[in-house]
Amino acid sequence: MKIAQRFVDESLALHWQVDETKESFSRLMEQLEVKSNFKPYFEEAVEEMQRHFGSERLKKGITVADIGSGICWTSAILANLPYVKHVYSVEPSAERLRHAECVFKHLRAPEGKVTILNGNFEEIAITQKIDLFVLCASFHHCYDKYIQELFRNIRKLLNPEGRVLIANEHYVNSVWVIKRFISYFKHLGNKKKLGFDLKNLRSPNPFDGEHWRTIRELKDIFKEEGFTAEFYLHKGDLCKDKPTFYHRAGWRYYYAILRKE
């Protein structure tokens, strides 16, 4: 399977179920801004990305591919930027894409500026050259076996001076690994909840495909795929409503901007 089971006929949390009502949009904004730092963290990453391009390049306009766009709130934000000419919004979940048009209306994304494509990390049906690839809270769902194909697609489509923005992501350290080791024995009798073994404490979650990579592993991945990466750390918790000690001590929330070597 090219995507995790979670994204096949999934049942969305209420805050992602955006329709034409103000109430549904308010729930989305509460999730993005109050219960989490999803929106401000993404906007922080986009602001830094602008400096990497420079004002002169942005004046010419850029074309963006938003990979793993979900209900497309990131695509809507990108489409509202004056220097963005067009956004290709690529997402495997049909249930998430069902809410995209309402998200565009609520966030007032310019009509005709976003093209929605059903696709995944391995299948990106874009023929136009891209100036910026965006993966917001999606890269950690990419299985190791599909990383090469993902970056092969990116290298094929990315303009020579283009960039890749990896946003709303996390990497783990030894504290998290120790916690994972302890949880192995805690959930030893529940293999469904366990989802990993002692041979690979950081194996991905079997349901949603979430990976827990170290910063060293991330740097090696990007380098092996022909990219130089600059990492930036966020302050605070990505999920403000559920901070735990091991998240605070074992996780680091970051974004990274990549360019071809």
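The rules behind each value
Residues numbered from 1 in each chain as written. Predicted model: local features only at pLDDT ≥ 70, side-chain atom pairs only at ≥ 80, totals over all residues. Heavy atoms only, no water. Helix = DSSP H or I, 4+ residues; strand = E, 2+ residues; numbered from the N terminus. Buried < 20%, exposed > 50% of the residue type's maximum accessible area, 1.4 Å probe, protein only. Contact = heavy atoms within 4.5 Å. Areas by Shrake-Rupley, 256 points an atom, 1.4 Å probe, with all protein chains shown as cover. Polar contact = N/O pair within 3.5 Å; in protein donor to acceptor, adjacent residues only side chain to side chain. Core = buried A, V, L, I, M, F, W, Y, C linked by side-chain atoms within 4.5 Å.

A. Structural context of the overall build of the chain. In terms of helices and strands, the chain carries 11 helices and seven strands. Taking all 261 residues of the chain together, the buried fraction comes to 52%. Relative to all contacts within the chain whose residues are 6 or more apart in sequence, the contacts with residues 24 or more apart total 75%. For the chain, the accessible surface area stands at approximately 13,100 Å², while carbon and sulfur atoms represent 51% of it.

B. Quick peek at the environment of isoleucine 154. Along the polypeptide, isoleucine 154 turns up in helix 7 (residues 144–157). Note: C-alpha distance between isoleucine 154 and valine 164 (10 residues apart in sequence) is 8.5 Å.

C. Spotlight on the side chain of histidine 140. Its place among the elements puts histidine 140 in the loop between strand 4 (130–136) and helix 7. Using a relative accessible area of 10% as the deciding quantity, one classes histidine 140 as buried. At 3.2 Å, the side chain of histidine 140 forms a polar contact with the side chain of histidine 141. The residues contacting histidine 140, other than those within four sequence positions of it, are Glu169, His170, Gly209, Glu210, His211 and Arg213.

D. Main features of the nonpolar core. Within the largest apolar cluster, 49 residues are counted, with the highest numbers of intra-cluster contacts made by Phe42, Trp73 and Leu165. Among the elements that make up this core, the one with the highest residue count is helix 2 (residues 38–53) (seven residues). Sequence-distant contacts of leucine 165, that is, excluding residues within four places in its chain, are made with Ala45, Val46, Leu132, Phe133, Val134, Leu135, Tyr255, Ala256 and Ile257.

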